[in-house]
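Listed below, chain by chain, are the residues.
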Amino acid sequence: MKHKPVLLREVIEFLDPKPGEFFIDGTLDGGGHAAAVLEKIMPGGKFLGIDWDKDVIAKRKVQMANRKNVILVSDNYKNVPMILKNKKLGKADGLLLDLGLSSEQLESSEKGFSFQRDEKLDMRYSEESKPVYKWLEKLKESELAKIIKDFGEERFAYRIARAIKKNLPIRTSKVLADIISGVVPKSYAHARIHPATRTFQALRIFVNQELKNLETVLNCIPEILNPHGRAVVISFHSLEDRIVKHSFRDLSKEGKAEILTKKPIVPSKEEVLDNPRSRSAKLRAIKIL
Ligand SMILES: C[S@@+](CC[C@H](N)C(=O)[O-])C[C@H]1O[C@@H](n2cnc3c(N)ncnc32)[C@H](O)[C@@H]1O
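Residues numbered from 1 in each chain as written. Predicted model: local features only at pLDDT ≥ 70, side-chain atom pairs only at ≥ 80, totals over all residues.

Undergrad: Would you mind showing me how to read the overall build of the protein here?
TA: Looking only at helices and strands, the protein features 15 helices and seven strands. What you see for the protein is a C-alpha radius of gyration of 20 Å, in line with the 19 Å of a compact globule of 289 residues. Considering only C-alpha atoms, the protein reaches an extent of 60 × 40 × 35 Å along its principal axes. Here the protein holds 289 residues, and 42% of them are scored as buried. Across the protein, contacts joining residues at least 24 apart in sequence account for 65% of those joining residues at least 6 apart. (Helix = DSSP H or I, 4+ residues; strand = E, 2+ residues; numbered from the N terminus. Rg over C-alpha atoms; globule rule 2.2 N^0.38 Å. Buried ≥ 20, exposed ≤ 12 C-beta atoms within 10 Å, placed from the backbone. Contact = placed C-beta atoms within 7 Å.)

Right under this line is the structure:
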């Protein structure tokens with residue numbers, strides 16, 4: 001399924017892109033947000049699109065091959081300052097980060113992101129780390145339990161970790177999901193979310209170092225954006241949102257930025273109905289002073 005851009009109207013409202021400006025999309029994927037930004041900054045604007053998944057960048061390169069002043073790079077967004085330096089791009093007027101993974105990656109990347117599919121348990125956006133199935137073998141039970149508890153906020157983390165270690169090797173997403181379903185209480189198995197949701201989230205965050213990447217790039221915002229530059233971040237779970245909130249608050253306390261969203265912006269009921277994936281989205285925005 002093609003990924004639908006989340007909170008699109010609000011992203012454009014807070015980024016406020018104008019003709020001639022330079023914008024960065026650090027999580028390009030299907031380019032849904034990017035297309036709306038490009039429409040506003042051209043003519044005369046410049047656009048840097050980044051995605052860690054090289055397949056995503058290869059596809060966008062085919063689609064955007066002839067566009068002037070559009071630069072596409074496969075890299076981790078934590079490296080934005082280095083990319084700007086290497087490509088001699090100067091500071092930008094806007095930065096967008098739409099975190100996590102896309103509907104397309106969930107459904108057709110064959111990387112085992114979804115507990116509803118039977119795929120190799122990989123979960124990496126890029127091949128820099130080891131795939132999840134190898135980590136399950138390498139980590140001690142206590143380390144695995146801590147990852148599931150901290151990054152998944154999963155209350156049955158210890159029993160899930162024990163079951164995983166007992167059932168190794170686990171090579172596919174479906175096998176892992178079934179093991180988790182088998183060890184959590186029956187009542188949990190009938191809750192609103194699938195019992196494997198939190199463990200899958202935790203393993204994905206761990207293997208891609210998602211929270212560290214986010215912290216690193218947010219710490220660099222003053223190096224990335226010009227005065228009056230705008231940054232918008234959309235997060236999908238409380239761990240990410242907490243990092244964004246604290247980082248924006250620190251920048252504001254240091255007098256470096258103005259917070260544009262006192263409370264996070266969430267999707268309307270209509271958007272959630274139209275795109276259930278948007279239901280947990282939270283948007284926060286700042287403007288550099
Ligand atoms: C939710 S999607 C973005 C959707 C996009 N805004 C759109 O409208 O089509 C998130 C994307 O971020 C990418 N990604 C995740 N972590 C990343 C990182 N550290 N650096 C760069 N890209 C990353 C994923 O590969 C995925 O394509």
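Following the structure, the description resumes.
Undergrad: Looking at this model, I keep getting lost on the domain arrangement of the protein. Mind explaining?
TA: Reports often express the size of an interface as the amount of accessible area lost when the parts come together. The domain architecture assigned to the protein consists of domain 1 (8–104 + 210–288) and domain 2 (130–208). Taking only C-alpha atoms into account, the centre of domain 1 sits 30 Å from that of domain 2. Opposite the four residues of domain 1 that make contact, domain 2 presents four residues. Here the residues of the side of domain 1 that touches domain 2 sort into two nonpolar, one polar and one charged. (Domains from an automatic or database assignment. Nonpolar A, V, L, I, M, F, W, Y, C, P; charged D, E, K, R; others polar.)

Undergrad: Where do I start with the site of the ligand in this structure?
TA: Taken together, the neighbourhood of the ligand is formed by 23 residues, with Pro5, Thr27, Asp29, Gly30 and Gly32 sitting nearest. For the shell around the ligand, the secondary structure elements donating two or more residues are helix H2 (32–41) and strand E2 (46–51). Among the residues making up the shell around the ligand, the classes are represented as seven nonpolar, 12 polar and four charged. (Near = placed C-beta within 6 Å.)

Undergrad: I'm lost on the sheet that holds strand E6 (residues 257–259) in this one. Help?
TA: One key point about sheets: their strands pair by backbone hydrogen bonds, in either a parallel or an antiparallel sense. Strand order in this open sheet of seven strands is E3-E2-E1-E4-E5-E7-E6, and the pairing throughout is mixed. The strands lining the two open edges of the sheet, one partner per strand, are strand E3 (70–74) and E6. If you compare each strand with its neighbour and ignore which way they point, the axes differ by 15 degrees on average. Summarising the sheet, E6 and strand E7 (residues 282–288) pair through three bridges and their orientation is antiparallel. Pairing of Ile259 across the sheet is with Ile286, part of E7. Seen against the sheet, H2 touches strand E1 (22–25), E2 and strand E4 (92–98) and runs at an angle of roughly 180 degrees to E1. (Pairing = 2+ DSSP bridges. Axes fitted to C-alpha atoms, helices over the stretch in contact; angles between N-to-C directions.)

Undergrad: Any chance you could explain the packing of helix H12 (residues 210–219) against helix H14 (residues 238–253) here in plain terms?
TA: Contact pair H12 / H14: the axes reach a minimum separation of 10 Å and the direction vectors enclose 15 degrees. Accordingly, the angle class assigned to the pair H12 and H14 is roughly parallel. Here the hand of the crossing between H12 and H14 comes out right-handed. The residues of H14 that touch H12, namely those facing Leu211, Leu214, Glu215 and Leu218, are Leu239, Glu240, Ile243, Val244 and Ser247. Residues of the contact of H12 with H14, tallied by class, amount to six nonpolar, one polar and two charged. (Parallel < 35°, antiparallel > 145°, perpendicular 65-115°, else oblique. Left-handed = near helix turned anticlockwise from the far one by under 90°.)

Undergrad: Mind showing me how you'd approach helix H1 (residues 8–15) here?
TA: Quick reminder: α-helices carry 3.6 residues per turn. Residues three or four places apart thus point the same way. Regarding H1, the residues found buried are Glu10, Val11, Phe14 and Leu15. The arc enclosing the buried residues of H1, seen along the axis, measures out at 125 degrees, which places them on a common side. In this fold, the buried residues of H1 make contact with H2, E4, strand E5 (225–235) and E7. Note on H1: the residue one or two positions beyond its end, Asp16, has a positive phi of about 50 degrees. (Arc of directions from axis to C-beta.)

Undergrad: Even after reading the chapter, I still don't get the nonpolar core, so can you show me in this structure?
TA: A general tendency of soluble globular proteins is for nonpolar side chains to be buried together. One finds Leu95, Ala231 and Val232 to be the most contacted residues of the largest nonpolar core, which totals 43 residues. Sorting elements by how many residues they give to this core places E5 first, with five residues. The contacts of Leu95, once residues within four sequence positions are left out, are Ile24, Gly26, Ile224, Leu225 and Ala231. Within the second largest apolar cluster, 27 residues are counted, among which are Ala145, Phe156, Ala157 and Ile180. (Core = buried A, V, L, I, M, F, W, Y, C linked by C-beta atoms within 7 Å.)

Undergrad: Is there a simple way to think about the packing of H1 against H2 in this case?
TA: A pair of packed helices is characterised by two quantities: the angle between their axes and the separation of those axes. Where H1 meets H2, the closest approach of the two axes is 10 Å, and the angle between their N-to-C directions is 40 degrees. Looking at the two axes, H1 sits oblique to H2. As H1 runs across H2, the sense of the crossing is right-handed. In this structure, H1 contributes Leu8, Val11, Ile12 and Leu15 to the contact, and H2 contributes Gly32, His33, Ala36, Val37 and Lys40.

Undergrad: Which parts of the structure should I look at to understand H12?
TA: Of all the residues in H12, the buried ones are Glu210, Asn213, Leu214, Val217 and Leu218. Looking straight down H12, one finds that the buried residues subtend no more than 125 degrees of arc, so they occupy a single side.

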